[in-house]
Structure formats: structure tokens, C-alpha cells
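Each chain, letter by letter, is given below.
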There are 6 protein chains.
Amino acid sequence: MRILVVNVNTTDSMTRAIAAQARAVAAVETEIIGLTPRFGAESCEGNFESYLAALAVMDAVQHYPHPFDAVVQAGYGEHGREGLQELLDVPVVDITEAAASTAMFLGHKYSVITSLDRAVPLIEDRLRLAGLLQRCASIRASGLGVLELEEHPERAIDAIAAQAVLAVEQDKAEVIILGCGGMSGLRERVSQRTGVPIVDGVAAAVTIAESLVRLGLTTSKVRTYAPPRPKQVSGWPTFFTDHAGK
Amino acid sequence: MRILVVNVNTTDSMTRAIAAQARAVAAVETEIIGLTPRFGAESCEGNFESYLAALAVMDAVQHYPHPFDAVVQAGYGEHGREGLQELLDVPVVDITEAAASTAMFLGHKYSVITSLDRAVPLIEDRLRLAGLLQRCASIRASGLGVLELEEHPERAIDAIAAQAVLAVEQDKAEVIILGCGGMSGLRERVSQRTGVPIVDGVAAAVTIAESLVRLGLTTSKVRTYAPPRPKQVSGWPTFFTDHAGK
Amino acid sequence: MRILVVNVNTTDSMTRAIAAQARAVAAVETEIIGLTPRFGAESCEGNFESYLAALAVMDAVQHYPHPFDAVVQAGYGEHGREGLQELLDVPVVDITEAAASTAMFLGHKYSVITSLDRAVPLIEDRLRLAGLLQRCASIRASGLGVLELEEHPERAIDAIAAQAVLAVEQDKAEVIILGCGGMSGLRERVSQRTGVPIVDGVAAAVTIAESLVRLGLTTSKVRTYAPPRPKQVSGWPTFFTDHAGK
Amino acid sequence: MRILVVNVNTTDSMTRAIAAQARAVAAVETEIIGLTPRFGAESCEGNFESYLAALAVMDAVQHYPHPFDAVVQAGYGEHGREGLQELLDVPVVDITEAAASTAMFLGHKYSVITSLDRAVPLIEDRLRLAGLLQRCASIRASGLGVLELEEHPERAIDAIAAQAVLAVEQDKAEVIILGCGGMSGLRERVSQRTGVPIVDGVAAAVTIAESLVRLGLTTSKVRTYAPPRPKQVSGWPTFFTDHAGK
Amino acid sequence: MRILVVNVNTTDSMTRAIAAQARAVAAVETEIIGLTPRFGAESCEGNFESYLAALAVMDAVQHYPHPFDAVVQAGYGEHGREGLQELLDVPVVDITEAAASTAMFLGHKYSVITSLDRAVPLIEDRLRLAGLLQRCASIRASGLGVLELEEHPERAIDAIAAQAVLAVEQDKAEVIILGCGGMSGLRERVSQRTGVPIVDGVAAAVTIAESLVRLGLTTSKVRTYAPPRPKQVSGWPTFFTDHAGK
Amino acid sequence: MRILVVNVNTTDSMTRAIAAQARAVAAVETEIIGLTPRFGAESCEGNFESYLAALAVMDAVQHYPHPFDAVVQAGYGEHGREGLQELLDVPVVDITEAAASTAMFLGHKYSVITSLDRAVPLIEDRLRLAGLLQRCASIRASGLGVLELEEHPERAIDAIAAQAVLAVEQDKAEVIILGCGGMSGLRERVSQRTGVPIVDGVAAAVTIAESLVRLGLTTSKVRTYAPPRPKQVSGWPTFFTDHAGK
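Calculation notes
- One numbering rule holds for all chains: residues counted from 1, following each sequence as written.
- As a convention, the first chain written is A and the first ligand written is 1, with the rest following in written order.
- The predicted nature of this model means local features are confined to residues of pLDDT at least 70 and side-chain atom pairs, given and counted, to a pLDDT of 80 or more, with totals for whole chains, interfaces and linings taken over all residues.
- Side-chain calculation: all heavy atoms of the structure are included, whereas hydrogens and water are not.
- For the least-squares superposition of copies, only C-alpha atoms count, and only for residues with pLDDT at least 70 in both.
- We call two residues in contact when some of their heavy atoms are within 4.5 Å.
- Strands are treated as partners if at least two bridges between them are detected by DSSP.
- Counting from the N terminus, the helices are the DSSP runs of H or I reaching at least four residues and the strands are the DSSP runs of E reaching at least two.
- For helices, the axis comes from a line fit to the C-alpha atoms of the stretch in contact; other axes are also lines fit to C-alpha atoms, and the angle between any two N-to-C directions lies between 0 and 180 degrees.
- Only protein chains enter the calculation, and the probe is 1.4 Å; a residue is then buried if its accessible area is under 20% of its type maximum, exposed if over 50%, and partly exposed in between.
- One side-chain nitrogen of Lys or Arg within 4 Å of one carboxyl oxygen of Asp or Glu is enough to make a salt bridge.
- Polar contacts here mean pairs of N or O atoms no more than 3.5 Å apart (in protein, one a potential hydrogen donor and the other a potential acceptor; neighbouring residues in sequence count only if both atoms are side-chain atoms).
- By this rule, a helix spans an expected 1.5 Å times one less than how many residues it contains.

Caption draft 1: Spotlight on the relation of the copies chain B and chain A. In screw terms, the move from chain B to chain A is a rotation of 180 degrees and a rise of 0.0 Å along the axis, fitting with an RMSD of 0.0 Å. This pairing of chains is accounted for by a two-fold axis. Taken together, the interface assignments show that 100% of the residues at the interface of chain B recur at the interface of chain A, consistent with an identical surface on both copies.

Written as C-alpha cells, this is what we have:
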């Protein structure tokens, strides 16, 4: 089974970290392919960048030249999953939803710890649309940007663990979600500090994608995620194909 | 006052129709500029096309060379408004929200009549995020595609009015929203058939945009819609600038 | 166009202040008529007074001797708007809903700063019924009564700004609504202290009323707001007509 | 124990019917006093009449010359209960809420059968505010006006039973509420036709009022229902006292 | 009228205290029978114990040898009420729902003060299912276990009153519910400390049960609470009959 | 990895069918152990039987003599999962939640097709508590009892497929959940008739349980699912151990 794990930003080192995290939990027979978008921002921390990422992820998947069995969109709180579901016949799993869905099997309420305060409403919006907000105790910001989280793991752990402890004690969370692709890998350290299960979205999404494939299930095509109707589209995919990248 | 009214698809005749509808309600001192995206689909009827439109609208607005006072995003149920709000200092009004917001001043419940069944969940999602779903009695599809609505106004009126009547009688709607940019202009005819107020999103959005400008109000910049952080972005805007359009 | 802006209490100076605020944003061709109820309380700070105001506003509008195009009910969180909608064919705009509806175009979440703590549940109830509560971050009380707000503008600004800052920082509001008719006019000063858009309900309502008139839209009469059925009513309007006032 | 059961309209025969229904379930030591408002409509079937009733009920209770232990507001879906709670120290029970609260002890979902279609949104609004809407399967109209229900009991039973059967079979209601003061007394006959428990609001409210008195519980005065602040009120109660009635 | 008041744990002294509390509010003609389960935990403070109690209460009621008119399940936040409703033709009232339902007649929002923090989510779950959560301001834990509450009434009063004051001041509760069977009897003392109405679930439930009987209302049998279908059941009731209890 | 798949009724043939379904999707290295409760009903179709099953499942798991890595509770819409989570350190997955959680990755809305109409409210309750109801389009009953579904697979397929088609066409479901343990195995046949993905709860739960084990995640023990406090429990487990099951 081959799963594409697609980063939402253009930072290669993050793609590598995400793919490593995915491989660490994937079944031995699963091949993990990490993809970096050909355009977009070096980190996604807002709506403009997130919409750009939505298209960039679709572009990256469309241009992957080999067959694959499932796609994981590895940006926490980002746009675009619905578009991918229209374009593809294989299952698409967004890490925002995968993490929440997984956390809900582990405790009565969960909290998300993300990067910056400005990302909080985006995550709230994604969870609301996904119908997964009811059991969300809180979404808290560590105060560190996406790239800072990657560059300074010790500061990241301190900042995340501090917010996680507040989520457990004040907001009554029983499970913590690491709400940023760049946090993959900090799970164990944060878990030691908080005493509650810590869910990483990439890891959760990979196992869900594997399960869907194993169960022979994929996106329903009867309505919302039916393939785009045949029509004239300018700038896509030809446009990106011809001009993007290099 | 200058308001950009941005179509979400690449069909020029629709842009003209939308702009005409906008001008019909705008104050005499308001200049309406209709913009057609440089890339995207000829009509938006799904998530992929909608995400493409999100970016195309941002691109169109970014490349408009003159100052302006507000932007109306003239696609019903489409993505992207949040991104525009980050990029701009002037108010941004989405017609989906403008229409619902307006309808709620006119009756206890409203219904939306849109193009195809597959657009219904997208509209539901937008209204849910906007916090405007509680008083929505139903979202019904006319069964005609966006371009069919434009090309066959008589059939469009029949199909829309038929669903509107059902919405009023069965779903208990008291106000009907024309849930597609391509329906602008059918308002009077549908109103005669149903006996309830008919809200057109473009018209509603233009008056709201004018009002916000007049009130000296614009998008809050403290959190969700703060300008994007300075960072390296590839493919935007340079990429689109250099290669798109021709 | 003539718009009646109806105060909910019997304090003339407040009617004048509200009308001035309305005129400051109205189009030049709009005539603003401020009306003071013939009976009721000198300020509305609870349910009894609010129900009295509901009737007093209907009475005031019914006895206005000239034609008019729209009505603004200028009490924040008060009862009665639904009754006016039944009695009139022209649009009726309540400032509670106008402010919330406007704020939602400007930020992800809004907060309301009102007069006394006891008014908070009334406002919450109005917003819940209006279907506008989802994006309300909080409703906070300044601790000053309605008349105190009017008499001591400096203390009012301090008290309101203090709560507004808490709303932005703690409750994550991105827009602030001045939740009391008596606060009209403090907008600019409070805005300077908080850095977020400040919405005044009277100003918002006037532009919405103008827009509805311009769009040719008025209250749906098919169900909730159909005219009262012909029946014997004692004490209204004859009763009020004959005995009230002086 | 003395309980005031206050009709919301000015039709004496309805007051008598309501009081009889109340007496039929009251404890032997409970004295039921039926009150008819001194002003208002002969039946309440809309918002204007309901707001008038709100004040008329407060007026009627304020002018009752003897002590009493509780008040039942006997109009289904009407305004005003919150105002009475401010004015009084004894418990106030609205029949809309009493019926729903009682029905929820008897089945998983309940439906309300009311008079006219136009009353449905008012009832929905009351139940939403009361926080009792979640388990409401539907609110259905019998199509008969309030006075028709009183004058033509056989037709009323047929019309109500027909809707009740639909509520049970289609909407999955397990309990039916008679959603109109004028329906008191039809309970047994409708029950035979439907096979589910039928709740009458007046009967339910009387037992709840008795219980609250017996438990020594009354309205909380710390916030929402604190007594009106001392202030100048014109037209109330002097105004009504001096001029109303006869 | 005979009402069974069933404790959820095996501690006889608590059964006696609960029954005394019930008798204190019951009508003179009502006979209160306190039942202690034949198996289960000495106190219920979690889901396992609560599920055990669910069955133990059904067992206790099934083995009560005399006729009865209603059942009160006297455990706050416990499972099982739905099962009893299936097995019995008489009304069943759970104290969790009885207390919330009663509190909602007394103030705009209520809070629950329970025993341990771990009981909070169970209570939240019961109120959510019952459709009574909307007006719940908070559920707070006193920090004392069920048996501690019984053994140390002074400490209990202090701990409960402290949380009740916070609920009123910070969470804006206007009514307090004593959320634990073991708190029956502390009502008056806590009330003095807080100035708001205090609702005890057992007392509330007894008056509701009496009212339902008096109104001739009992559980609807058309769907959710229809009697169990005839089928082979092992271990119940024979099993418990033969082997339980000693 | 060893996963206990616990039937909720005492019918051995159903346990075998469920275990077979589990094995069909389990990883090769996963050992599936099917457990049949030692007491309870031959099928669960109501609250009494469901509460009995809750305890019977806990009993069955507690008496399983070997180590295991996860538990699947294989009854659709049944009580008890929370109790198991308290008693165990390994993950517990309920098929009701597993199926909904899985369906939500495949389409915008899902419907559940269950056995009898009376089971619908139980399932609705479980999904509401789980926070998974928002995207549920409907819960429909096939009209066949649990054992009938098992005994007459052809009739079962017809009845289920008929309701599934209605769910897709009328309720706008895009995914169908087989809402009864006894339906495991009909997935492929029903899928052919409807054209949408069909989710079987047992299969979904097994893959989720495997994933949680692989991710090193288990139930949070900080609050809701902390182990029961040390206390005297009569009748459990000693009681069941000594006397139950022959």
C-alpha cells in the first residue's frame, strides 16, 4: 500500500519530518511518500496561506506520477481536503480530523495545542465543519510560529507542555492533540509532562488511511465529492503543469 | 466610493450580469467594477472549482491597479473570503453571508434555492461557519447548472420558483434567497410566483459593503484576519503575476 | 426616505442623542425622525421595563401621523420587534440584531459591552432567538446604568473600554458592539483604546434599514409576521389613543 | 395555597374553562383564582397580541387585591413570563414551559399541537429560549383559531387528533402537548385517539406551581429577575390603574 | 399514593436520609418507601459503579412485593432511568432531571455542585441527553466523595457553599442544584450562604412524581420505552432472584 | 496483538459471525477473540437489555483469563463503553462510535440503518453523547428484529437496502452505516444496491483498535475514566464470579 503524505508548506525539512513520523507508525508493507508542494508559503499560519496550500496540495497530488492508495493532508487546520476528495478515487484523510476523531476514543474531552493564536479560529472552523467540536475543551496557542517549533524543539516542548497542562487542569481536557504538523515527534516528551494521551495528527491519519484501504472504503461519489463536472478550466491543471515548479 | 465585485468563475457574461445587478442597487456615487478571474473554471459547482476560485479572486483583486473601498465576492457558497480579509484593509463581503444576513431581517426562517444538488452541502458548510444556519429552513437545488441558469432564464425561473414554493409551503421558509450568482436578475419574476421576499446575494452584498464604508468600519486585524506574516511565498504573487493570464 | 428611530425609554435627551447618531450615518436624502414613547420607563434595564417598551414603541409608531419607509427600534436587547413587524408593512430593524449582523462581517467573533449585569441575559436571549449567538464571544457589563452612561461619558468610556479590552484579550473577541442605546457616540473613543472595530447598533441599523428600502425588501407576510387577524382588541389602540400621553 | 391562573386574552369563558381545568388537578387545599386581563385581544394568535397580553397579565396580577402564593400564565407560546418574575416574589409558571418540562418525563420526544400555523414560530421561539427545544419532535398546527377551538370541540378534537397521529407516526413524537390554552379539557378524547400521553399545559403548570410552593422555592432575585430598579415609570402602573378597565 | 425512592448505592444510612428528605416534602397522603439495592457499590462515583447501580435499581424495584404508583431514582448523574421506564407502567423520575427541570423555573441559568471532579462529565452527559444542558452555567465539584459528604456535614456545607458562590459570581448561575443524593438535607444551610434558591433533586423528584400521578400521566409506551420484547433472558430476573442478596 | 470482540447478547452464533467479520479485516498478526456474555438477553433491542448487556460485557471481559491489547464492544447503540474504559488500561472501542467516526471520513453526511424502530432513539442518544450526531442525516429502521436479521439474510438485505436508498435520496446521506451487530457480513450486497460506501461497525472498530495499539495510545486516566476508587462493592465481581454462568 502506498500513501502520499502531503505537506502543506514548501519547507522540505518539514516534509521529511512528517514523513518520518508517518513511517514510524505505518505498517511494514505500507510505503510512505512525502510530498512537498511546488508553490505556497514556507509555513501556513493564516487563511491566505491555507488557501494557497489547498491548491498546492491538489497540484502536488495531481502531479505525482505513480499510483497510490490513499492521501494524508498533513497540515493542521488547513483548507483543501474537500477538493482533493473530489479529484481522487482513493481515501483522503486530513490530520485535523484524524487527530480529533482519534482523541475522542481516548477521553471525554480533548484540547488542541497549536502554534500561534491566529491559527486558533481556523482550527475551530475546521472542527466545526467536521462535526467534531462538541467534545473539544479548548484550542490553545503555544505562541511559537510553525518554523520556530521546528527549529527550537526544547522551547517548543516547554511551550506546548505548559499549555497542555492548563488545558488539562483548567479546561478539563483528558487528551491533548498536537495541533501543528511541525509538532510531530514531540509526542513522547509532552506526554511525560502531562500524564495524558497525546495524539499526533500525522500518525493518527496514517493509521486511518491504512484502515480505510484495508476495509475497502473510499470517498462517496454520489453528491458532495462527485468528480468535477466536465467543463473548461483555465490555469488548472495545464497552467500549473506548464509554468509551476522548476 | 469604488466597490470591486468579483466573479468566481471565468465567464465574462456572468461578470457583466453580476455587475449590472450590483449597479442597479448601488448608490449613485458608488462605482461598481466587475472583475473576472484570470484563471479558474467557467462555473463553480464543487469544492475543487471553489478552492480554485478562492485563489483566483484573491489574484484578481491583488492585480486590480486602482484604489478601491470594498470588495464583494460574488460566488454563492464559495471558499476564499477569509483569505481576502487577510490581504486587504477594506471590507470584504461574501454574497452567501450577505444574503442570509439580509433575509433574517425579513422573516423567521429563510430558504436558499441553488443550482445543483451537489452545491447544497457547500452552502450548508458556509452558513454553518458563518453562524447563520439556525434560521435556515432548507437549501434546495433547482437542478440546473450555473451556466444553464444563465442561458435559459425561463427554465430557470420555473425551476427556481417550483422549489421556492416547496420551501415556503413544506419547509416553512418566509424568505427565499437566490443561491447562485447566475440567478441575479430573476428576483422580480420569482417573487411574483411565491409571494415572499426574494433576496439576491449580490444586491444585498453591495448595500452592506456601502454601509460598512459609510460607517467607517473594516475588517478587524487583531487575530484571524491579521495580515499574513512576512515570509517566503513561492508562486504567489510573483508566480501568478508572471505567468497567468497572458 | 423617512426612517423612524424609536427610543425604548421616555428620556428625551436619549432620543435626541440616538437620532443624532442616526443622522450622522444616514444618507443625505434620508430623513431621520426620533420618537420618544408616550409611556414606559426612563431607562430599560430589565424585562418588565422591556415589555413595557415593546408596547410603547408600537404605540409611538402607530401614532406617528405621517408616512415613513422603515423603523429602527433603538433599544439594545429589548422586546417588541416581532410585534412591530406584524403591524407594519415597512421594514423594521432592531439595533441588537443590526449590530451583531454587522459585526459578523468584520471579525471571527464579537463581544457586546452593555450597561448592567442584569441586562446580559436579556441580550443573550435576543441573540439566541435571532440565531446570531454562535459567533458571540461574550456579553460583558460595564457596571453603569443606562442613565449613568449618558450622564458621565468619561466614566462610561473608561468602564466600557476596560471591558472591551478584556473581551478582546480573554474572550478572543475581534469586534466590539456597544450594547446600549445610550452608548451611541462613544464609538470613536472606545475604538482608540482597543484597536478593534466598534459597532454601534443605531448606526448599523440605520444603514440596514436604508438598504432594505433601497432593495425593495420588506417583512414577509406569509406566516410569523402576517397582520393581526381581525378581532376585538380592548385597550389598544383606542385605549392608548384616548388616555395616554399628555 | 392560592394560585392565580391568568388568562392571556379577554375572553371570560376561556378564563372559566382554564380555571376549571386547573381546579380539576389542584390539591384540595389549593384555591384557584382565574383572572381575565382588563385589556388585550379576545384571543392571542400573533406577536402583537402576545406582547399586549404580556402587559395585560402583569396588570391583572398587580391589581389582584389579595395575597397569593404562585402565578400560572395560561397562554401557550406567549410573551411576558420574565416580566412577571421580576415583579413578584412568588413563583411564576408559564404553561408552555410547564407542558414541555412535564412531557420530557414521559417520552423521548414530544410534539406540540397548536391552533394556527402562524403560532408555530412563536412557540418554537419560547421553547428555544427556555432550553427545552432539543427533544421537541415537531410543532404542528390544527388549523383552527383559538376561539374556533373553544366553540367547536368536536371539530377541534378531530383536527388535533389528526395532527397528533402524524406527529407520532411521522415525527416520532412519543408524547403530545396541547399547545393552546383553549384546548384544556380535550385531553382525554385526544388521548384515546392517539395512544400516547397527552399533556395539558394548564394542568401541568398548576402542579408545578404547587410543588414549588411546597418546596419553599421561588424565583432567584440575584440577576435576571431582580426587582426593577427604582426609577420613573410613566403609564404604569398608575396609567393602567386610573384609565384601564370598564 | 406510594412512591418508591430508590437509592443507587448500598449504604443504608443514605437510603434513610434520602427517604427522610422525600417524606419532608411529600403530601401527607403519600407513602414514601426507601429502597436500598441488593448489590452494587457503597457509593457511586464513576461509570462502572453507575452501570452497576442501573441494574441494581431495576432489581430492587422488580423485587419490591407491593404495588406502587411511581418511582424516584435517587442517584445524581446515574445511568438506568430508561431501563426502568421500559419495565414499569408507572412514572419514573430521575433526580438529575427533576432538579434541572425545577431549577429552570427559578432562574435564567443554574449550576450543579457535585461530589468529585470525576462525576462532572457523567452529570454533563445525563443533562445533555435529557436536553436540559443549555441553561446549565456550570457543573462544579466540591472535592468531597459521596460518603465524606454524608459523614462530615459541616465540611460538606463549607465545600459546597464555596463552589456555589463561585458558580453564582463567576459562572452567572442564578440557582444551585445539589448534585448528589448525599447532599439532601444541606439545602437550607447552603441557601443562607449564597442568597440563591437551592434545589435538591430528591425533593424535586418526589413532587414531580406526585404530580404525574395526580395528572394521570405515565411513560409513553409507543416506542423508546415500550416493554421489552418477549425473549430469552438469562441471569435476569431469575438469576438475581435466586442468587442475589443472600 | 490480541483483541477481544465482545458480543452484547447471549446468542453464540452472533458472536461467531461478529468474530468472523472482525477476522476478515484484522491484520494477520492480530488475534481476534470473540466473547459471548454469560448472562443477558438473546438480542438487545431496548434499554433494559442494553443496560444488562453493559454489565454482561464488563463481566465477560473481566473473566477473560488471558492478557489482551484492546476491546471492541460489538453492540450497536448499547450502553457500557464508559464502564469498560474505567476498568481497563487498554483501549476500548464501541462499534457505534467507530462506524460513525469512519463514515465521516467518506462523505458529508451518513445515515444509520438499524433493526427496529425502538432502537432508533438509543442510537441517537449514543451518537449525541459521542459528539458525532451533527453529520448524521438520519437513523432508519429496517423493521426486522436482531435475530430476524441474522436468520433471514435475504429479507435483511432487501429491508436494509430499501431504507438505505431512501436515506441517500431523501435524507441526503452519502455513506450508510449498518447499525446492528447482526448485519455484519451484508456489507457488500447492500453496497451493490445503493452505490455508496457501506460501513460495518465491527470492521471499523477492529481497525481503530489495532491503530490505537499501534500508536501506543490508550484511555486517559485523569478524570472520567480513572479506575474506580477503592470501595466496598457487593455483587461484583465476586457475586457474578461465584454464581453466574452455571
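Picking up after the structure, the text goes on.
Caption draft 2: Just the sheet that holds strand β7 (residues 136-141) of chain F, in detail. Residues and elements named next belong to chain F. Spatial strand order, β7-β6-β8-β9: four strands in an open sheet with parallel pairing. Pairing within the sheet leaves two strands with one partner each, and these edge strands are β7 and β9 (198-200). On average, adjacent strands in this sheet sit at an angle of 25 degrees to one another, irrespective of strand direction. Pairing of strand β6 (residues 110-114) with β7, which is carried by five bridges, proceeds in the parallel orientation. Along β7, the bridge assignment pairs Ser 111 with Ser 138.

Caption draft 3: Here's a closer look at the relation of the copies chain D and chain F. If you rotate chain D by 120 degrees and push it 0.0 Å along the axis, it lands on chain F with an RMSD of 0.0 Å. Such a combination of turn and shift is consistent with a three-fold rotation axis. For chain D, the residue whose C-alpha comes nearest the rotation axis is Gln 134 of chain D, separated from it by 7.6 Å.

Caption draft 4: Highlighting the side chain of Thr 11 of chain E. Residues and elements named next belong to chain E. Inspection of the secondary structure assignment puts Thr 11 in the loop between β1 (2-6) and α1 (12-25). Of the residues examined, Thr 11 reaches a relative accessible area of 15% and is grouped as buried. Other than its neighbours up to four places away in sequence, Thr 11 contacts Thr 36, Glu 42, Leu 147 and Glu 150.

Caption draft 5: Representation of the interface of chain B and chain A in the model. Chain B puts 52 residues into the contact, and the matching count from chain A is 52 residues. At the boundary of chain B with chain A, the tally comes to ten salt bridges. The closest approach of N and O atoms between Asp 117 of chain B and Arg 223 of chain A, which form a salt bridge, is 2.9 Å. At the boundary of chain B and chain A, one finds 26 residue pairs in polar contact (both at pLDDT 80 or more). Of all the secondary structure elements, the ones that give two or more residues to the side of chain B that touches chain A are β3 (40-41), α2 (47-63), α3 (81-87), α5 (120-130), β10 (233-234) and α10 (238-243) of chain B. With eight residues, the single largest contributor to the side of chain B that touches chain A is α2 of chain B.

Caption draft 6: How the structure looks around helix α9 (residues 201-214) of chain F. Residues and elements named next belong to chain F. For α9, spanning 14 residues, the distance from its first C-alpha to its last is 20 Å, which sits close to the expected 20 Å at 1.5 Å a residue. Summarising burial for α9: twelve of the 14 residues are buried, a large majority. Burial in α9 covers these residues: Gly 201, Val 202, Ala 203, Ala 204, Ala 205, Val 206, Thr 207, Ile 208, Ala 209, Glu 210, Ser 211 and Leu 212. The positive-phi residue at the C-terminal boundary of α9 is Gly 216, with phi of around 70 degrees.

None of this, on its own, says anything about what the molecule does.
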